[in-house]
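# Structural overview
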There are 2 protein chains.
Amino acid sequence: MSERRGPTIGVFDSGFGGLTVLRGLLPLIPGAHYIYLGDTARLPYGAKSRETVARYAVSSALYLQDRGADLLVIACNTATALALDDIRAACSVPVVGVVAPGAQAALAAVGKVPAEVLVLATAATVQSHAYHAACDALGLAAVEKACPLLVPLAEEGWVDHPVTRDVLRIYLTEALAEASPDAVLLGCTHYPLIADAITAMLRELGSDARVIDSAEATAQTVAQALSKAGLMVADSAGEATFECCATDSVEKFARLGSQFLGRPIPQVELLDLGG
Amino acid sequence: MSERRGPTIGVFDSGFGGLTVLRGLLPLIPGAHYIYLGDTARLPYGAKSRETVARYAVSSALYLQDRGADLLVIACNTATALALDDIRAACSVPVVGVVAPGAQAALAAVGKVPAEVLVLATAATVQSHAYHAACDALGLAAVEKACPLLVPLAEEGWVDHPVTRDVLRIYLTEALAEASPDAVLLGCTHYPLIADAITAMLRELGSDARVIDSAEATAQTVAQALSKAGLMVADSAGEATFECCATDSVEKFARLGSQFLGRPIPQVELLDLGG
């Protein structure tokens, strides 16, 4: 085995959704090695309290730092929205979340201020108003809408399904009564799986808002943070590599996770973070 | 404060659903004191592995035993189905689960063998086939159907809602293609909240099966177990009392839990079980 030259990047999510962020990262930084941690034993975070989410996220981030990560990506909207400050305070390496890159991506998509952004997210993310603050800092007005049934529907595999369309019709009708958005930001890493259904329902309801996924924008932010920290190795070459860890069933992680990552996950390591 | 004469009974669930069992217990055993523990920081259990559910359930059961419980009620179908033997091995007090009482209640309702029972439950409970075994021991043929969207729909408060009816139509049509049940057993403590919708959909689909909730049957089994263990105090009188503990937000527990218990929950104690 040749000596590793590129950076080691820890990617954390409560479950599988953050693999959509890893998917965006893999082609972007040659020579990097990724350690992905899904806290599947304690998921979902989206309906839990700030204190509990912060405790779980900090323990997971510290684990990845101890495994040698040079930089951490919090690829979970709820953990970023509720606990980014706690994670940064606990860790000594740079930490990138998904909320600020998501707001940046929305700004890039609408290409103007003022503009209105509809953020679809978990109940906990909405209650934190983290997206509201991140959008406000860029001159964007955010309307935040909690969509608690979208994660279970995506996990049930009802991606192109009449029930999912009915649920989207209800959530989006409620949201569009309060907003005339220029962009709709997917504020949960599960939602890219039903992005097509979200776009179709927006059109049905008369909105031409563009649907924005923060995964690609987060990947760009990671590349910038690596450069800034002097971790981007100029002569790195070759495909990036990754390994996956989970706190619950590794078989289920490999099976479901490959849908989010878009490629097979050959091996998953079972972790006990004490939960 | 007068000296307590009745037994102390620990009631455990992953969240709020077990409060429907506590609701059945409260009027049944005068003088009893109940300690209810909802492991809300780590819920839901229904899609997790046997190993993880057993670890969580055993730690919760030991906590209740250490708090002085004379008997434990595992008021969670998933924890009973996956971990009842582990809990009994770890604890020294009698442990009552919900699966065997549920099967008994189904037998009492149909009043004959052979008979066919449709069990609606979480994915983990179905995969364990615990209900199949419990029904088989009584001469009942069980068909088990996983209904992963029913808990999120009940928690969203969509109890009498067209989307919930559509989801039930899909699940029950699939199940009735494989079974002609004499009874439908609610194998998850969340489902009593949508029992009326389940009954109405069965009738729409041409089934006259009776819908059975194991909460009352579990309460009767607890009374018998207390007698057998010599813990039923003959001169106990007065209303039973209860206290509630949760591992996540106590405000949310008090608010949501009162819907399941059918009465206000004045105070909830926050626990850290190390998760």
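Residues numbered from 1 in each chain as written. Chains lettered and ligands numbered in written order. Predicted model: local features only at pLDDT ≥ 70, side-chain atom pairs only at ≥ 80, totals over all residues. Heavy atoms only, no water.

## A look at the pattern of salt bridges
A full pass over the atoms with the stated rule returns 18 salt bridges over all chains. Between Asp86(A) and Arg50(A) there is a salt bridge whose closest N-O contact spans 3.0 Å. One end of the pair, Asp86(A), is in helix α3 (residues 77-90); the other, Arg50(A), is in helix α2 (residues 50-66), with 36 residues separating them in the sequence. By relative accessible area, Arg50(A) is classed as partly exposed at 39%. Across the pair Glu174(B) and Lys145(B) runs a salt bridge whose closest N-O atoms are separated by 2.5 Å. (Salt bridge = Lys/Arg side-chain N within 4 Å of Asp/Glu carboxyl O. Helix = DSSP H or I, 4+ residues; strand = E, 2+ residues; numbered from the N terminus. Buried < 20%, exposed > 50% of the residue type's maximum accessible area, 1.4 Å probe, protein only.)

## Overview of the interface of chain A and chain B
The interface is formed by 30 residues belonging to chain A together with 30 residues belonging to chain B. At the surface where chain A touches chain B, the tally comes to zero salt bridges. At the junction of chain A with chain B, the criterion picks out 14 residue pairs in polar contact (both at pLDDT 80 or more). Contributions of two or more residues to the side of chain A that touches chain B are made by α2, α7 (150-155) and α8 (162-176) of chain A. Ranked by the residues each element gives to the side of chain A that touches chain B, the list is headed by α8(A), at five residues. Taken together, the residues that form the side of chain A that touches chain B break down as 14 nonpolar, eight polar and eight charged. (Contact = heavy atoms within 4.5 Å. Polar contact = N/O pair within 3.5 Å; in protein donor to acceptor, adjacent residues only side chain to side chain. Nonpolar A, V, L, I, M, F, W, Y, C, P; charged D, E, K, R; others polar.)

## Some points on the pairing of strand β5 (residues 115-121) of chain A
Residue and element names in this part refer to chain A. Counting buried positions along β5 yields six of seven residues, so the element is predominantly enclosed. Pairing analysis gives seven bridges linking β5 to strand β6 (residues 140-146), with the strands arranged parallel. Residue pairing across strands places Ala121 opposite Ala146, the latter belonging to β6. Here β5 runs beside strand β7 (residues 183-186); their pairing, made up of four bridges, is parallel. Counterpart to Leu120 in the pairing with β7 is Leu186. (Pairing = 2+ DSSP bridges.)

## A word on the relation of the copies chain A and chain B
Here two copies of a chain appear, and what relates them is a rotation about an axis with a shift along it. Overlaying chain A on chain B yields an RMSD of 0.0 Å, the required transformation being a rotation through 180° with an accompanying axial translation of 0.0 Å. Both copies are brought into coincidence by an operation consistent with a two-fold rotation axis. Of all interface residues in chain A, 100% are interface residues in chain B too; the two copies therefore contact each other through one and the same surface. (Least-squares fit on C-alpha atoms with pLDDT ≥ 70 in both.)

## Section: the sheet that holds strand β9 (residues 241-246) of chain A
Residue and element names in this part refer to chain A. Strand order in the open sheet formed by six strands is β4-β3-β1-β2-β9-β10, with parallel pairing between adjacent strands. Looking along the sheet, the strands with just one partner apiece sit at the ends: β4 (95-96) and β10 (268-270). With six bridges joining them, strand β1 (residues 8-13) and strand β2 (residues 33-38) adopt parallel strand pairing. Along β2, the bridge assignment pairs Ile9 with Tyr34. Against the sheet, helix α10 (residues 214-228) makes contact with β1, β3 (71-74) and β4, and its axis sits at roughly 160° relative to β3, the strand it touches most. (Axes fitted to C-alpha atoms, helices over the stretch in contact; angles between N-to-C directions.)

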